[in-house]
Amino acid sequence: SGTVLSADSRPLGVEEMDRQGRCILTNHGSFVVFNVYIPLGSGSGEGLTTKLNFLRALKNAIEGQKFKGKKVILVGDLNIAHTVKDRHWTFRN
């Protein structure tokens, strides 16, 4: 009860993203937990491209776990805000 069976610090399967340590997968038997720190990627350009690539890799990793019959829980800092009002630290930008 409440035991982690295994942990994976490189669950995305994309070396350049796994190397950054932004995602850890813990296996709890019938379910897995993805604990993420998604890149900011505000505006456009390289930051946004990095964020979208990360989200694509995360989606693939989640789908892979679902295919194995696992329930999936996603937690962490998703770095997603609909409007400026949704940010706590509005003075940072």
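Residues numbered from 1 in each chain as written. Predicted model: local features only at pLDDT ≥ 70, side-chain atom pairs only at ≥ 80, totals over all residues. Heavy atoms only, no water.

## Observations regarding the sheet that holds strand S3 (residues 31-37)
Moving on, step 1. If you walk across this open sheet you meet the four strands as S1-S2-S3-S4, and the pairing is mixed. The two strands at the open ends of the sheet, each matched to only one other strand, are strand S1 (6-8) and strand S4 (71-77). Within this sheet the neighbouring strands show an average axis-to-axis angle of 20°, counted without direction.
Moving on, step 2. For S1 and strand S2 (residues 23-27), the ladder comprises three bridges, and the chain directions are antiparallel. (Pairing = 2+ DSSP bridges. Helix = DSSP H or I, 4+ residues; strand = E, 2+ residues; numbered from the N terminus. Axes fitted to C-alpha atoms, helices over the stretch in contact; angles between N-to-C directions.)

## Details of the nonpolar core
Moving on, step 1. Counting residues in hydrophobic clusters, the biggest one holds 13 residues, and the most contacted among them are Leu 12, Cys 23, Phe 34, Val 36, Phe 54 and Leu 58.
Moving on, step 2. Ranked by residue count, the leading element in this core is helix H2 (residues 46-67), at five residues.
Moving on, step 3. The contacts of Leu 12, once residues within four sequence positions are left out, are Met 17, Asp 18, Cys 23, Phe 54, Ala 57, Leu 58 and Ala 61. (Core = buried A, V, L, I, M, F, W, Y, C linked by side-chain atoms within 4.5 Å. Buried < 20%, exposed > 50% of the residue type's maximum accessible area, 1.4 Å probe, protein only. Contact = heavy atoms within 4.5 Å.)

## Some remarks on H2
Moving on, step 1. Between its first and last C-alpha atoms H2 spans 31 Å; for 22 residues at 1.5 Å apiece the expected length is 32 Å, and the two agree.
Moving on, step 2. The inward-facing, buried residues of H2 contact helix H1 (15-18), S2, S3 and S4.
Moving on, step 3. Positive backbone phi, approximately 90°, marks Gly 69, located one or two places after H2. (Expected span 1.5 Å × (residues − 1).)

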